Amino acid sequence: MVNVVGLGKFSCDIADNFSSNTQYSTYKIDFDLPKSKKSRGLTLHQNPEKIEEKCPSMSYFFKAARGDSHFFMEGRDPSSAASLKVLEGMDHHKTNVFYIHPEELDTRGPAGKNENVAFHVLQEYSRSGLFKNLFIFKTDDIERSIGEVSLINYYGILKDTVSRTVQLVDYFSNTTPVAEIRSDNNPIESIGTYGFVDIEKQQEKLFFPLKDIKRKHYYYGINGEELKSDGTLIKKIRNQVNALKGQGTIATYSVHETTYEEPQVIVVAKTSTVQERS
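Below: a short report on this structure. This one's a predicted model, so the numbers in the text were calculated from it and none came from an experiment.

## A look at the overall build of the protein chain
Helix and strand counts for the protein chain come out as 8 helices and 12 strands. Relative to the globule expectation of 19 Å for 278 residues, the C-alpha radius of gyration of the protein chain, 19 Å, shows essentially globular dimensions. Going through the 278 residues of the protein chain one by one, you find that 51% of them count as buried. Long-range pairs, those at least 24 residues apart, make up 74% of the contacts in the protein chain with a sequence separation of at least 6. Charged side chains in the protein chain number 35 positive and 37 negative. The centres of these two groups are separated by 4 Å.

What follows is the structure, given as structure tokens:
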């Protein structure tokens with residue numbers, strides 16, 4: 001069981017997308033939510049420091065949420081001011097933080113200043129080992145990775161893409177691959193992002209323009225019939241990984257059997273370098 005925590009409206013909606021999967025237990029924190037077994041409310045203040053100060057302790061709320069966890073937050077949302085207070089109550093050393101980097105905003109205003117502080121502080125905490133990993137997703141990069149999106153469905157599709165991709169990586173990570181090449185992880189390489197790979201176009205589309213990438217792992221989800229019939233598949237995968245990995249990057253891969261008609265290829269890229277706002 002993996003705990004999924006959403007902080008703020010956007011991230012609570014992402015958490016809701018996990019709720020139908022029995023492998024996850026979801027929790028939501030946002031302004032004016034009722035106090036319940038799976039939700040907590042915050043009080044909105046104009047000053048971000050006041051939001052953090054007035055955020056209640058989450059230790060009791062998360063008493064049953066020990067072990068592996070995913071924590072989603074969006075930097076633009078005022079609730080992000082309470083992110084460190086929320087993480088204090090979680091089993092943070094076993095927590096992956098998913099930071100939704102917003103579209104460009106005015107860093108001179110309170111929201112922009114708060115987002116800028118959170119963005120850099122979380123990276124430093126991740127490098128120090130306070131939590132497991134920090135994965136940065138940027139909304140317009142997610143949009144570019146999935147192609148044209150109608151305005152009416154825009155945010156719904158972004159949320160669905162994030163939740164579906166994270167769930168697929170979790171599934172691949174916890175199932176036995178039919179083939180794999182692995183290497184030991186470096187614990188200080190804890191800042192990263194996800195992305196899609198277009199096999200036909202030989203293109204990699206990351207959810208954030210991560211700089212100084214040290215390591216990539218490619219998850220290949222391939223239909224069972226293709227795994228049986230294509231005798232050149234492993235050679236194609238090796239060649240593609242070598243072509244996409246980039247200079248000085250350690251690249252590994254795993255191949256998993258799926259029932260999808262089309263290949264599902266996801267890359268997880270990681271670095272130890274603190275990123276700047278893009």
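## Let's talk about the packing of helix α1 (residues 9–16) against helix α6 (residues 154–173)
In contact at an axis separation of 9 Å, α1 and α6 are set at 55 degrees when each is read in the N-to-C sense. When the interaxial angle is binned, α1 and α6 end up oblique. The handedness of the crossing between α1 and α6 comes out as right-handed. Note on element contacts: α6 touches α1 through Y155, L158, K159, V162 and S163, opposite F10, D13 and I14. A breakdown of the residues in the contact of α1 with α6 according to their chemical character gives 5 nonpolar, 1 polar and 2 charged.

## Looking at unusual backbone geometry
Its identity is not glycine, yet D32 carries a phi of approximately 65 degrees, on the positive side. Locating D32 in the fold gives a position in the loop between β2 (24–31) and β3 (39–42). In the Ramachandran plot, D212 falls in the positive-phi region, its phi being about 55 degrees despite a non-glycine side chain. Note that D212 resides in the loop between β9 (203–206) and β10 (215–223). Residue D212 is classed as partly exposed on the basis of its relative accessible area of 41%.

## Comments concerning the pattern of salt bridges
Opposite charge on two side chains makes pairing possible when the charged atoms of those side chains draw close. Enumeration according to the criterion identifies 14 salt bridges in this entry. E74 is the partner of R76 in a salt bridge, and the nearest nitrogen-oxygen pair spans 3.0 Å. For E74, a relative accessible area of 6% translates into the label buried. Of the charged contacts, one joins D230 and K236 as a salt bridge, the two residues approaching to 3.1 Å between their closest N and O atoms. Residue classification places K236 among the partly exposed positions, given a relative accessible area of 46%. One salt-bridge network, in which partners are shared between bridges, spans K9, D13 and K159.

About the criteria used
- Each chain carries its own residue numbering, running from 1 in the direction its sequence is written.
- Given that this is a predicted model, residues contribute local features only at a pLDDT of at least 70 and side-chain atom pairs are listed and counted only at 80 or more, while totals for whole chains, interfaces and linings are drawn from all residues.
- Water and hydrogen atoms play no part in the side-chain values, which are based on all heavy atoms of the structure.
- Think of it this way: any DSSP run of H or I at least four residues long counts as a helix, any run of E at least two long counts as a strand, and we number them from the N terminus.
- Between the two quantities, the radius of gyration covers C-alpha atoms and the globule rule is 2.2 Å times the number of residues to the power 0.38.
- Partly exposed residues are those whose accessible area sits between 20% and 50% of the maximum for their type, while under 20% is buried and over 50% is exposed, using a 1.4 Å probe and protein chains only.
- Whether two residues touch is decided by their heavy atoms; if any such pair falls within 4.5 Å, the residues are in contact.
- The convention is simple: Lys and Arg are positive, Asp and Glu are negative, and His and the chain ends are not counted.
- Charged groups are reduced to one reference atom each: NZ for lysine, CZ for arginine, CG for aspartic acid, CD for glutamic acid.
- Each axis is a line fitted through C-alpha atoms, taken for helices only over the stretch in contact, and angles between the N-to-C directions span 0 to 180 degrees.
- Here is the rule for angles: anything less than 35 degrees is roughly parallel, anything more than 145 is roughly antiparallel, 65 through 115 is roughly perpendicular, and the remaining ranges are oblique.
- Note on convention: near helix rotated counterclockwise from far helix by under a right angle means a left-handed crossing. Clockwise means right-handed.
- Only Asp, Glu, Lys and Arg are considered charged, only Ala, Val, Leu, Ile, Met, Phe, Trp, Tyr, Cys and Pro nonpolar, and every remaining residue, Gly among them, polar.
- For this document, the term salt bridge refers to a Lys or Arg side-chain nitrogen within 4 Å of an Asp or Glu carboxyl oxygen.

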